[in-house]
Amino acid sequence: THGIDCRAIVVTMFAGALALSRIPVPLLFTEFHAGRGAVEPTQFFSPQALQFIQQKGLDGPVFNSHNLGGYLAWSLYPRVRIFQDSRLQAYPPEHFRRIIEASASQEAWNAVVAGVDWAVISVSRPNQLAGTGRFPAGDWASVYQDDAMEIVVRRKGKFSGVLSSGVPVNETVR
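We now turn to the structure provided with this report. Predicted model only: the values in this text are computed from it and were never measured. (Residues numbered from 1 in each chain as written. Predicted model: local features only at pLDDT ≥ 70, side-chain atom pairs only at ≥ 80, totals over all residues. Heavy atoms only, no water.)

**Focus: the pattern of salt bridges**
What the rule picks out here adds up to five salt bridges. For Lys158, the salt bridge identified is with Asp59, shortest N-O distance 3.2 Å. Placement of Lys158 in the loop between strand E6 (149-154) and helix H8 (161-164) and of Asp59 in the loop between helix H4 (47-56) and strand E1 (60-61) is noted, with a sequence separation of 99 residues between them. Here Asp59 falls in the partly exposed class, since its relative accessible area comes to 25%. Residue Arg97 is joined to Glu94 by a salt bridge in which the shortest nitrogen-to-oxygen separation is 3.7 Å. Of the two residues, Arg97 and Glu94 both sit in helix H6 (residues 93-102), three residues apart, roughly one turn of that helix. (Salt bridge = Lys/Arg side-chain N within 4 Å of Asp/Glu carboxyl O. Helix = DSSP H or I, 4+ residues; strand = E, 2+ residues; numbered from the N terminus. Buried < 20%, exposed > 50% of the residue type's maximum accessible area, 1.4 Å probe, protein only.)

Set out below in structure tokens:
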């Protein structure tokens, strides 16, 4: 080994990686997840919500919060056709501008979601692209909610039958 200690090289590389990491060092050890938990953090995504969607037969076009689009598409395509996702280059800029502008007016929002009978809303990341507060209880009913996601259906839409089928036990509904 020509006088070079391999252990010293490994320790030096590890220390260098920690020093150059853009992630704060304490988070590397306290927020470390392996397996499915690493790619599906439950504060943002909900496997139980996906299970609910499948059990209740929700399909077709859906309004979804911006941060949930990729998760829903990856998990439920082609059965579910998402409204938006975080691949900004996959949609024309006007699509997102229209959603943001509509978030300021219920009438404009109603026009944006006219083609969907259900929605999946991010509970943990409310913003103008999430639909938060834009599904009034007179027209929409919450049929599922956990810490990450809420599912609403039109009271007089294709999935109104879900209203009479009850809400899963361990879930809260607003």
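What follows continues from the structure just given.
**A closer look at the pairing of strand E4 (residues 118-122)**
Counting buried positions over the five residues of E4 gives five, a clear majority of the element. What you see with E4 is no split at all: Trp118, Val120 and Ser122 on one side and Ala119 and Ile121 on the other are buried throughout. With two bridges joining them, strand E2 (residues 63-64) and E4 adopt parallel strand pairing. Bridging from a neighbouring strand, Asn64 pairs with Val120 of E4. Looking at chain direction, E4 and E6 are connected through five bridges and run antiparallel. Its bridge partner lying in E6, Ala119 is registered against Val152. (Pairing = 2+ DSSP bridges.)

Purely spatial values, then, with no claim about function.
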